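Structure at a glance
Each chain is listed here by its residues.
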Amino acid sequence: MKILIVGAGPTGLTAAVELARRGVMPRIIDKRSGPSNLSRAVGIQQRTMDILTPSGAAEEIRKEAVCFDGVAFHSGPRRIAKLALNFDDKSRLYGLPQDRTEHFLARAFARYGGKIEYDTPFEGLTQDETCARVQMGGTESPFDQVIGADGAHSAVRAALGLEFPGFDLPGQWSIADVESPDWRDPQCFQGFLLPHGDICIVAPLEAARFRVIASRPDALAALPVPMNVTNIRRSGAFTISVRQVTDYAVGRVCLAGDAAHCHSPAGGRGMNLGIADAADLAGRLVDGGLAGYHAARHAEGAHVLAFSETVRKAVQSKSPLRRMVMPWVMKLVAAVPPFQRAAVHYFVSG
Ligand SMILES: Cc1cc2nc3c(=O)[nH]c(=O)nc-3n(C[C@H](O)[C@H](O)[C@H](O)COP(=O)(O)OP(=O)(O)OC[C@H]3O[C@@H](n4cnc5c(N)ncnc54)[C@H](O)[C@@H]3O)c2cc1C
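Read on for a plain summary of the structure. None of the values given here were measured: they were computed from a predicted structure.

What follows covers the pattern of salt bridges. Under the definition given, this model contains 23 salt bridges. Among the salt bridges present, the one from Arg 107 reaches Glu 60, with a minimum N-O distance of 2.5 Å. Of the two residues, Arg 107 is situated in helix H4 (residues 98-111) and Glu 60 in helix H3 (residues 57-64); the sequence distance between them amounts to 47 residues. Residue Arg 107 is classed as partly exposed on the basis of its relative accessible area of 39%. Overall, the relative accessible area of 15% leaves Glu 60 in the buried class. Here Asp 185 ties to Lys 82 by a salt bridge, and the two come within 3.2 Å at their closest N and O atoms. Note that Asp 185 is positioned in the loop between strand S14 (173-179) and strand S15 (188-193) and Lys 82 in strand S6 (residues 78-84), a separation of 103 residues in sequence. Look at Lys 82 and you get partly exposed, because its relative accessible area is 29%.

Moving on to the nonpolar core. The biggest cluster of nonpolar side chains holds 59 residues, and the ones touching the most others in it are Ile 5, Ile 28, Ile 61, Val 134, Ile 147 and Leu 281. Not counting residues within four places of it along the chain, the set of residues in contact with Leu 281 comprises Ile 147, Cys 254, Ala 256, Leu 290 and Tyr 293. Residues Val 66, Ile 80, Leu 169 and Met 330 belong to the second largest nonpolar core, which totals 28 residues.

Counting buried positions along strand S16 (residues 199-206) gives seven out of eight residues, so the element sits mostly inside the fold. In this sheet, S16 lies alongside S15 in antiparallel orientation, the contact comprising four bridges. Directly across from Gly 191, in S16, lies its bridge partner Ile 201. Connecting S15 to the antiparallel partner S16 that follows it, the hairpin turn spans five residues, and His 196 within it adopts a positive phi of roughly 65°. Sheet analysis places S16 next to strand S17 (residues 209-214), joined by six bridges and oriented antiparallel. Note that in S17 the partner of Ile 201 across the bridge is Ile 213.

We now examine the layout of surface pockets. Estimated volume of the second largest pocket: approximately 220 Å³. Around the second largest pocket, the lining comprises 14 residues; the ones closest to its centre are Pro 170, Gly 197, Arg 312, Gln 316 and Lys 318.

Compared with the 18 Å implied by 1.5 Å per residue over 13 residues, the 17 Å span of helix H10 (residues 337-349) between its first and last C-alpha is a close match. All of the buried residues along H10 are Gln 340, Ala 343, Val 344, His 345, Val 348 and Ser 349. Residues of H10 that are buried sit in contact with strand S3 (43-45), helix H2 (46-52), S6, strand S7 (93-95) and helix H9 (320-335).

Its identity is not glycine, yet Asp 119 carries a phi of approximately 55°, on the positive side. With respect to the element layout, Asp 119 can be found in the loop between strand S8 (116-117) and strand S9 (122-127). With relative accessibility at 54%, the residue Asp 119 sits in the exposed group. Even without being glycine, Ala 208 reaches a positive phi, approximately 65°. Along the chain, Ala 208 turns up in the loop between S16 and S17.

So, how was this worked out
- Residues numbered from 1 in each chain as written.
- Predicted model: local features only at pLDDT ≥ 70, side-chain atom pairs only at ≥ 80, totals over all residues.
- Heavy atoms only, no water.
- Salt bridge = Lys/Arg side-chain N within 4 Å of Asp/Glu carboxyl O.
- Helix = DSSP H or I, 4+ residues; strand = E, 2+ residues; numbered from the N terminus.
- Buried < 20%, exposed > 50% of the residue type's maximum accessible area, 1.4 Å probe, protein only.
- Core = buried A, V, L, I, M, F, W, Y, C linked by side-chain atoms within 4.5 Å.
- Contact = heavy atoms within 4.5 Å.
- Pairing = 2+ DSSP bridges.
- 1 Å grid on protein atoms, 1.4 Å probe; cavity = no way out; pocket = protein on both sides within 12 Å on 5 of 7 lines; lining within 4 Å.
- Points joined across faces, edges and corners; volume = space filled by probe spheres on them.
- Expected span 1.5 Å × (residues − 1).

Okay, structure coming up:
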């Protein structure tokens, strides 16, 4: 079976690894000139580690990643509660910059003999009952199946003429990757509720390196507690869209990852969802049929979009009543072990 994967982000790389592991070597192209060095997605769920275990990628990730020891909530600078993690398999959460996760996926693909074709942009496709003809890097080749894993602005999705319905959130979010040698509680994922429905998050990336993200333009200025920043590796701003494609599969072409869905970083699900799409798709392709791919992954994507919007709306609520009650609810949850376990399962693996 001739399979083309468009996009060597975490979704495309997982599809490549999972196909190669099952004995089907795909081609994988990317328009970039080489691996990305962007640290975008940080949080890796245990269920993602389970997917990446057979290929050996999870073991390499585990050696380098930070295993978060808890999730702490603050009202302004004041800590309200800390929920402990790691009390069972479903409550583990790892932190690693996305470029390192991609590095370990690319290494796993290379161990199976795979090679990523960089500098090869997807330019268009046509398909009929015999094959999909793909124009890429100035040439045209036939394939039995094409996987569009080319991100939120997917050219494969556009070539299929598919809608990407949803909405854009108002305002800008900001991000800073910083080094800080003495940040308090350095293995804890920390959220700070700010006035006017804003939020700031600090997530460990590696020893003495942290991601600060805020729903305001300047992430470091938004942080309501002091942080001794010795180096800012990268900072920037971004806007958020909440969208999901209408069809995950059209003929011989399937979409996965951000090409099929995008949402806010609340809940940290984007990369994990794309990796799960890719593993599901690879399994179906090797087992001989795409039946059920759209239904299964569209439903899961819709669930994750709803989850991340629920979390985002809860932490960004401007209702004075909700903002007054929330700290008490968090304190109660942290004080009662069964509530604490249920809350951790909801946030980390729900
Ligand atoms: C600032 C920021 C912070 C984030 N934080 C988190 C987080 O904490 N947790 C989380 O889970 N998610 C997070 N995300 C989202 C996460 O980064 C994405 O969900 C994830 O990268 C999706 O992976 P993907 O492989 O589907 O798409 P991408 O990573 O976008 O990869 C798509 C690939 O396709 C290639 N490509 C595009 N067009 C073409 C073409 N025409 N031809 C060939 N190749 C092409 C691109 O070069 C790219 O390599 C964050 C995103 C941003 C921007």
